[in-house]
Amino acid sequence: SGALATAGGDKDVRLWSVAVGPDGEPEVEFRSNFSMHHSTVNVVRFSPAGEAMATGGDQGELLVWQPSAADGAGSRQKYFQAWKVSSALRGHLNDINDVSWSSDSTALVSGSIDSCAIVWSAEKGKGEARLDGHSHYVQGVALDPLGEYVISQSGDRTCRVYSHRPPAAGRKKAQARGVAGKAKDFVCHNVMGRLTRFLRGKDGEARQERTFLFGDENMATFFRRLAWAPDGSFVVVPAGVDASPGRGNTAHVFARGQWSRPVFSLPSLSRPVIAARFCPAFFKASAAPSEGSPFQLPYKLVYAVASLDAVLVYTTESTKPVAMASGLHYAPITDLAWSWDARTLAISSHDGYCSLLTFGEGELGEIVGADALPEPARSLVLARDGLLREKE
């Protein structure tokens, strides 16, 4: 639909239409304004097919919005103008920092400064599971596209990986529908926080050293917005620190199910990394993965990483960025959002403004459809496209 949603300290949610003009410049038009929050809005997220929107703010306010069916949600014009709150999700005791949807739009997870994450049923409008364990603010959450994992990141320097509790011996696992239906079975299986390294001293003796993977609560960022790859193959985690000589702030990349250590850490940045966001499109591989590459995929994915003052765009075919932008704002960057066609990357900031980076047609690669993809990517794209057709 080309819709961009913004929100902030004025307590309002605004919808804009965004397109790339023939000259490659962004064309932006303000469409509507919604005022239902009573406090600052910290995060806004469309569901994967855009048929719903979640907004989280201070004082534990979490609202789910839907286009008003009575006003004809299938019309592009009315899609931008006729939204209503379908449910107010109550459960957090304090400010909400981040929200993530399931790939089928039936569930979402939120993280709050009350040090917990909650898995919600979007269909029932109620909490299904409370994920405790952090000792500081939860500043980022990410729901696995395949529905197996929920990851939360906190100022306590850890990421907690939740997955389904295995059935008791001799008992079959009950078949539940969707992420929300299985949420009560989520338990913490891994805590990512420290890395064990083996170093050799000047005397030649080997010694073991344990270092932190992430910055502490004094890191100059309030958001740690991690992101899953659209196929669920790996996750990019911000607020990373690298204790190697000459390294500093980074984002760590973890392969699915391999939580003991990152498979790759992005090159050092001068300021802390606050967010990562994947382009939802799948691209035709332009080259075979190089030997030793952490990304052995039959297609190409594109993702952006934001530090407090810069944005870098990467692909899974290289560990070097393909694009970089800095000096865009007078205040720290707060979030990122991609368009479905890979033409636009939106950047928000504490200064009250958004920037748009545009890419030429095919500049990031050739987008491929579901038929050209292997499983599970094929099923994920087919499910998303089916939801899109239903919305239209």
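Our structure is the block above this text.
Residues numbered from 1 in each chain as written. Predicted model: local features only at pLDDT ≥ 70, side-chain atom pairs only at ≥ 80, totals over all residues. Heavy atoms only, no water.

**Section: the overall build of the chain**
Thought 1: Counting its regular elements, the chain contains three helices and 30 strands.
Thought 2: Evaluated residue by residue, the chain yields a buried proportion of 52% over its 392 residues.
Thought 3: Restricting to contacts in the chain with at least 6 residues of sequence separation, those with at least 24 account for 51%.
Thought 4: Of the roughly 17,700 Å² of accessible surface on the chain, a fraction of 48% belongs to carbon and sulfur atoms. (Helix = DSSP H or I, 4+ residues; strand = E, 2+ residues; numbered from the N terminus. Buried < 20%, exposed > 50% of the residue type's maximum accessible area, 1.4 Å probe, protein only. Contact = heavy atoms within 4.5 Å. Areas by Shrake-Rupley, 256 points an atom, 1.4 Å probe, with all protein chains shown as cover.)

**A short note on the environment of R31**
Thought 1: Within the fold, R31 resides in strand 3 (residues 26–34).
Thought 2: For R31, a relative accessible area of 17% gives the class buried.
Thought 3: Separated by 28 residues in sequence, R31 and A3 have C-alpha atoms that sit 9.2 Å apart.

**Things to note about the sheet that holds strand 30 (residues 354–358)**
Thought 1: Read from one edge of the open sheet, three strands run 28-29-30, paired in antiparallel fashion. The open sheet has two edge strands with one neighbour each: strand 28 (333–338) and strand 30. Taken pair by pair, the neighbouring strands of this sheet meet at an average axis angle of 20°, ignoring direction.
Thought 2: Note that strand 29 (residues 344–349) and strand 30 share five bridges and pair antiparallel. Across the sheet, residue T344 finds its bridge partner in strand 30, namely T358. (Pairing = 2+ DSSP bridges. Axes fitted to C-alpha atoms, helices over the stretch in contact; angles between N-to-C directions.)

**Details of the sheet that holds strand 12 (residues 138–143)**
Thought 1: Taken in spatial order, the four strands line up as 12-13-14-15 in an open sheet, and their pairing is antiparallel. Bordering the open sheet on either side are strand 12 and strand 15 (186–192), each of which pairs with just one other strand. Between one strand and the next, the sheet's axes are offset by a mean angle of 25°, whatever the strand orientation.
Thought 2: By the bridge criterion, five bridges tie strand 12 to strand 13 (residues 149–154) in an arrangement that is antiparallel. If you follow A142 over to strand 13, its bridge partner there is I151.

**Side note on the packing of aromatic side chains**
Thought 1: With the rule as written, the count across this model stands at 15 aromatic pairs.
Thought 2: Note on F234 and F278: the rings are 5.5 Å apart at their centroids and 65° apart in plane angle, and the pair reads as edge-to-face. Linking F234 in strand 19 (residues 234–241) with F278 in strand 22 (residues 273–278), this pair joins segments that are 44 residues apart in sequence.
Thought 3: Relative accessible area serves as the criterion here: at 4%, F234 is assigned to the buried category.
Thought 4: F278 gets classed as buried once you look at its relative accessible area, which sits at 8%.
Thought 5: Where W338 meets F359, the ring centres are 5.9 Å apart and the plane angle is 25°; that geometry is what we call stacked. Of this pair, W338 sits in strand 28 while F359 sits in the loop between strand 30 and helix 3 (377–391), and the two are 21 residues apart along the sequence.
Thought 6: Of the residues examined, W338 reaches a relative accessible area of 12% and is grouped as buried.
Thought 7: Judged by relative accessible area, which is 7%, F359 ranks as buried. (Phe/Tyr/Trp six-rings, centres within 6.5 Å; stacked < 30°, edge-to-face > 60°.)

**Focus on the environment of F283**
Thought 1: Relative to the helices and strands, F283 is located in strand 23 (residues 283–284).
Thought 2: A C-alpha to C-alpha distance of 6.2 Å links F283 and L301, two positions 18 residues apart in sequence.
Thought 3: With near-sequence residues (within four places) excluded, F283 lies in contact with Y299, K300, V302, A342, L364, G365, E366, I367 and V368.

**A closer look at the pairing of strand 11 (residues 126–131)**
Thought 1: Summarising the sheet, strand 10 (residues 117–121) and strand 11 pair through five bridges and their orientation is antiparallel. For V119, the partnering residue across the bridge sits in strand 11 and is A129.
Thought 2: Linking two consecutive strands that pair antiparallel, namely strand 10 and strand 11, is a turn of four residues; a positive phi of about 70° is found at G125 within it.

**Re the nonpolar core**
Thought 1: In terms of nonpolar packing, the biggest core is built from 26 residues, with F234, V236, F282, Y303 and V305 touching the most fellow members.
Thought 2: Secondary-structure elements contributing two or more residues to this core are strand 19, strand 20 (249–255), strand 22, strand 25 (302–307), strand 26 (310–315) and helix 3.
Thought 3: Of all the elements, strand 22 adds the most residues to this core, at three residues. (Core = buried A, V, L, I, M, F, W, Y, C linked by side-chain atoms within 4.5 Å.)

**Remarks on unusual backbone geometry**
Thought 1: Of note, the bond from E375 into P376 is cis; its omega dihedral lies within 30 degrees of zero at 5°.
Thought 2: Here the phi dihedral of K11 falls at roughly 75°; this positive angle occurs in a residue that is not glycine.
Thought 3: Its location among the elements puts K11 in the loop between strand 1 (3–7) and strand 2 (13–20).
Thought 4: Residue K11 is classed as partly exposed on the basis of its relative accessible area of 37%.
Thought 5: A positive phi is found at R157, a non-glycine position, where the angle reads about 75°.
Thought 6: Summarising the element assignment, R157 is placed in the loop between strand 13 and strand 14 (159–164).

**Re the pattern of salt bridges**
Thought 1: Under the counting rule described, the total for this entry stands at 18 salt bridges.
Thought 2: The closest approach of N and O atoms between R130 and D132, which form a salt bridge, is 3.6 Å.
Thought 3: Judged by relative accessible area, R130 falls into the partly exposed class, the value being 39%.
Thought 4: A salt bridge links R165 to D185; the shortest N-O distance between them is 3.9 Å. Of this pair, R165 sits in the loop between strand 14 and helix 2 (178–182) while D185 sits in the loop between helix 2 and strand 15, and the two are 20 residues apart along the sequence.
Thought 5: Residue classification places D185 among the partly exposed residues on the basis of a relative accessible area of 28%.
Thought 6: Residues participating in the shared-partner salt-bridge network are R45, D98, R225, R277 and D335. (Salt bridge = Lys/Arg side-chain N within 4 Å of Asp/Glu carboxyl O.)

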